[in-house]
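Coordinate analysis (summary)
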Amino acid sequence: MRPLIFMTVGYIIGFIWGLYFNINIVPIIFLLIFILYVFRKKIVKLGKYKTSLALMIIFMIISNIQTLYLENKFSTLYQDNQEIEIIGVITKEGQEKEYRIEYEIKVESINGDEKYKNTKLILYVKNKEKIEYGKKVKLIR
């Protein structure tokens, strides 16, 4: 049970460092490991927690790298002052909500770039506006 807790805590710490501080913790962790190695005789032995701490560090690194990667991917996709043009196809009938209709769009290109092809987006429109299933749409922001 203890290793699972350490893995979860490590994952959360790596996520927070990546998302809120936008810092890659890999160099920091390697520096800490180096310091622990150099001063290993002066530091109290970790004993039975070595495996759990190793798992925590591994999960911190994994979640931090994953968070930074996704943050970079989405920040390059969308910037506030940039015009975005999305071309896609409506893949599902609209689901009516209280004040809007929700459509699923299969992206063909974003700003003419096809690397986001087959990405699915959700489009919300007012109840008065209906879009047919299978129709190709062009969205500009």
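Residues numbered from 1 in each chain as written. Predicted model: local features only at pLDDT ≥ 70, side-chain atom pairs only at ≥ 80, totals over all residues. Heavy atoms only, no water.

Glancing now at the packing of aromatic side chains. Taken as a whole, this structure holds one aromatic pair when the rule is applied. Just above the ring of Y124 sits the side chain of R100; from NZ or CZ to the centre is 4.2 Å. (Phe/Tyr/Trp six-rings, centres within 6.5 Å; stacked < 30°, edge-to-face > 60°. Lys NZ or Arg CZ within 6 Å of the ring centre and 35° of its normal.)

Here the focus is the environment of E104. Among the structural elements, E104 can be located in strand β3 (residues 100–110). C-alpha separation for the pair E104 and I25, spaced 79 residues apart in sequence, amounts to 37 Å. (Helix = DSSP H or I, 4+ residues; strand = E, 2+ residues; numbered from the N terminus.)

We now examine the pattern of salt bridges. Two side chains bearing opposite charge may form a pair once their charged atoms approach each other closely. Counted under the stated rule, the structure contains five salt bridges. Across the pair K92 and E104 runs a salt bridge whose closest N-O atoms are separated by 3.6 Å. Here K92 is found in the loop between β1 (85–90) and β2 (95–96), whereas its partner E104 is found in strand β3, with twelve residues between them in sequence. Look at K92 and you get partly exposed, because its relative accessible area is 44%. Judged by relative accessible area, which is 15%, E104 ranks as buried. (Salt bridge = Lys/Arg side-chain N within 4 Å of Asp/Glu carboxyl O. Buried < 20%, exposed > 50% of the residue type's maximum accessible area, 1.4 Å probe, protein only.)

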